[in-house]
Amino acid sequence: MDMKYDMLLLRFGEFMLKGKNRARFEKTIITQVKALLKPYPGASLRKEYGRVYVDLGGESHIELINVLKRVFGVMSISPVKVTPSELDEIVKTAVAFMDEREDEFKEGTTFKVNVRRVWKEFPNSSHEMNHLVGSPILRKFQQLSVDVRQPDIELRVEIRDQGTYIFNETIPAVGGFPLGTNGRAMVLLSGGIDSPVAAWSSMRRGLEVECIHFYSYPFTSERAKEKVIDLARALADHAGTIKLHLVPFTEIQTAFTQLGQDNLIITLMRRSMLRIASKLAERERALALITGDSLGQVASQTLPSMNVIGRATDLPLLRPLVMMDKQEIITLSKQIGTYDISILPYEDCCTLFVPKSPSTNPNLRIVDKIESTMSQLPEWLDQAVEQTETITLHAGETSVVSNQTGDNGLKDDWF
C-alpha cells in the first residue's frame, strides 16, 4: 500500500559547513526549489529551525522526490508523516506507519525507534519515548526484533511544538553546492558522451554553466546540431535553464584542412575553439572554461596535447573528468539522462575530421609558427563570435532528436 505522506524533509549537503556563506547558499537553494514547485500548486515550501520542508498539499510525494533529488545542494530527502505532539497520537501514528510497511517485514527483521525531543516542554524524555513507541510496535508485529546498532528499519520520531514528524526513509539526492554559488563558466559541448557529464559535474560544484557548441555546416548535418540542443536541454532539466551558444566553425575548420598539417588539425582546431570560447566568456562574464577531457582517452587528451591546447587561453581551464575512465563517465551519463542522446549517430565537427595519425605530442613552437602564417585567423575568430547564435533552453521541454534510433556506437568526446 502506498503511504500518504504530509511533507518532505530536505537535507542540505556540504555547503552547510561553510560558515558565513551558509545563509547565501541556503537562500539560493530555496529559490531553486520554489521554482521547481510551480507546476505543483498544492505544494509549498517552509523553512524551520535551519531545515527546509515541502508541505505536499495532496501532491504525489514520489513525483516531487524525483524532481527535488536533482536539485544541486540537496543531499537527501525523507518523506514525512505529521501528527499532533500528543503521546497517544504519536504512538497511534507510529504503529499505523509501521502497519503500512508490514509486507516488508519477515522473520528476523530488526528495527529501532529513534526519538528526538526538539520541543523540550513535551512531558516525556527521548529515552522514555523510545520505549513508549517501540513497545506497542513489538507487540503488534511479532516478526520484528530490536537492534539498536544496525537495524533493518530505523523509525525516526521528531517531537516539535507544532507537530511530530515520523519517517524512516532517507533517499539520496545529488548533493554538492547550490547552482551558481561558485560563479559562472563556459563548457565546450560536443555531441559526445563526456562533455555533458563535465557540464553536470561542474553544476554540481556550484558553477552556473553556459554551453558552447561548434558546428561546421554543411560538413555536419542539421540533425547533429539538434542533437546538441537536446543535450543542452537534458542539462536544463537539472539546472532549470541553460544558455547554448552555437558557433559557426566551417571557415576556420576548412582553412586548417588546407594547411597540409593533418596530424595537427585537432590541436589547431581546439586551440581556436578555446580562443573563441574565451571571447564568449568575456562577453558573458564567465571566469573559466570547462572541457570533457579524460587523460589519455584520445590523442588530444594526452598530457603534451592538453598542455599545448591549453596555452591558447589565459582563463582557468577546468577538466572535471580528467582522472575518470570511460566506463565511469558512461555510468554517470546514464544517471543524468544524457547517454541515450550522446550515442545518436550524428557526427560533430571534430569527429568528422580526425586524421589517421593525430599527434599525441605536439610541439608548441611549431603550432605557434603555423598559426602565425594564418594572417586572417584573428579576423575569423572575431567573425565566429559575432555570428554566434544564442538560445535558452528550459527544463521539461520536448526533445528534438532523442527519440530517433541510435547505432549504440560509443563516441569519444573531443571536448
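Residues numbered from 1 in each chain as written. Predicted model: local features only at pLDDT ≥ 70, side-chain atom pairs only at ≥ 80, totals over all residues. Heavy atoms only, no water.

Overview of the pairing of strand β7 (residues 153-160)
Counting buried positions over the 8 residues of β7 gives 6, a clear majority of the element. In the sheet, strand β5 (residues 109-117) pairs with β7 via 7 bridges, with the strands oriented parallel. If you follow R117 over to β7, its bridge partner there is I159. Sheet topology places β7 next to strand β8 (residues 163-167); 5 bridges connect them, and they run antiparallel. Pairing of I159 across the sheet is with T164, part of β8. Adjacent in sequence and paired antiparallel, β7 and β8 are bridged by 2 residues. (Buried < 20%, exposed > 50% of the residue type's maximum accessible area, 1.4 Å probe, protein only. Helix = DSSP H or I, 4+ residues; strand = E, 2+ residues; numbered from the N terminus. Pairing = 2+ DSSP bridges.)

Brief notes about the sheet that holds strand β15 (residues 389-394)
The strands making up a sheet associate through hydrogen bonds between their backbones, and the pairing can be parallel or antiparallel. Taken in spatial order, the 6 strands of this open sheet run β14-β13-β10-β11-β12-β15, and their pairing is mixed. The strands lining the two open edges of the sheet, one partner per strand, are β14 (317-318) and β15. One ladder, built from 2 bridges, connects strand β13 (residues 289-290) with β14; its direction is parallel. Along β14, the bridge assignment pairs I290 with L318.

Observations regarding the pattern of salt bridges
Considering all chains together, one arrives at 21 salt bridges under this definition. Here R233 and D230 are joined by a salt bridge, their closest N and O atoms 2.9 Å apart. Here R233 and its partner D230 are both found in helix α6 (residues 222-239), 3 residues apart, which amounts to about one turn of the helix. Under the relative-accessibility criterion, R233 is labelled buried at 10%. Measuring nitrogen to oxygen at the nearest pair gives 3.2 Å for the salt bridge that ties E284 to R283. Accessibility expressed as a relative area gives 11% for E284, which makes it buried. Residue classification places R283 among the partly exposed positions, given a relative accessible area of 42%. Members of the salt-bridge network, linked through shared partners, are R51, R116, E158 and R160. (Salt bridge = Lys/Arg side-chain N within 4 Å of Asp/Glu carboxyl O.)

Structural notes on the nonpolar core
One broad trend across soluble globular proteins is that nonpolar side chains are buried collectively. Ranked by size, the top nonpolar core spans 43 residues in total, and within it V54, M98, V133, I137 and L155 carry the most contacts. Here the element with the most residues in this core is helix α3 (residues 87-99); it accounts for 6 residues. If we skip the residues at most four places from it in the chain, M98 touches F105, F111, I137, F141, L144, I153 and L155. Listed in part, the 41 residues of the second largest apolar core include A224, A239, L246 and I341. (Core = buried A, V, L, I, M, F, W, Y, C linked by side-chain atoms within 4.5 Å. Contact = heavy atoms within 4.5 Å.)

Focus: the packing of α3 against helix α4 (residues 126-140)
Contact geometry of α3 with α4 gives a least axis separation of 10 Å together with a crossing angle of 40°. Taken together, the axis directions place α3 and α4 in an arrangement best described as oblique. Crossing angle aside, the handedness with which α3 passes α4 is right-handed. From α3, L87, I90, V91, A94, V95, M98 and D99 reach across to α4, where they touch M129, L132, V133, P136, I137 and K140. When its residues are assigned to classes, the contact of α3 with α4 shows 11 nonpolar, no polar and 2 charged. (Axes fitted to C-alpha atoms, helices over the stretch in contact; angles between N-to-C directions. Parallel < 35°, antiparallel > 145°, perpendicular 65-115°, else oblique. Left-handed = near helix turned anticlockwise from the far one by under 90°. Nonpolar A, V, L, I, M, F, W, Y, C, P; charged D, E, K, R; others polar.)

What to know about the packing of aromatic side chains
Overall, the coordinates contain 7 aromatic pairs when judged by the stated rule. Note on F25 and F177: the rings are 5.9 Å apart at their centroids and 90° apart in plane angle, and the pair reads as edge-to-face. Placement of F25 in helix α1 (residues 22-36) and of F177 in the loop between β9 (171-172) and β10 (184-188) is noted, with a sequence separation of 152 residues between them. Just as F25 is buried, F177 falls in that class too. Lying over the aromatic face of Y215, K225 brings its terminal NZ or CZ to 4.8 Å of the ring centre. Taking NZ or CZ as reference, K334 lies 4.9 Å from the ring centre of Y339, over its face. (Phe/Tyr/Trp six-rings, centres within 6.5 Å; stacked < 30°, edge-to-face > 60°. Lys NZ or Arg CZ within 6 Å of the ring centre and 35° of its normal.)

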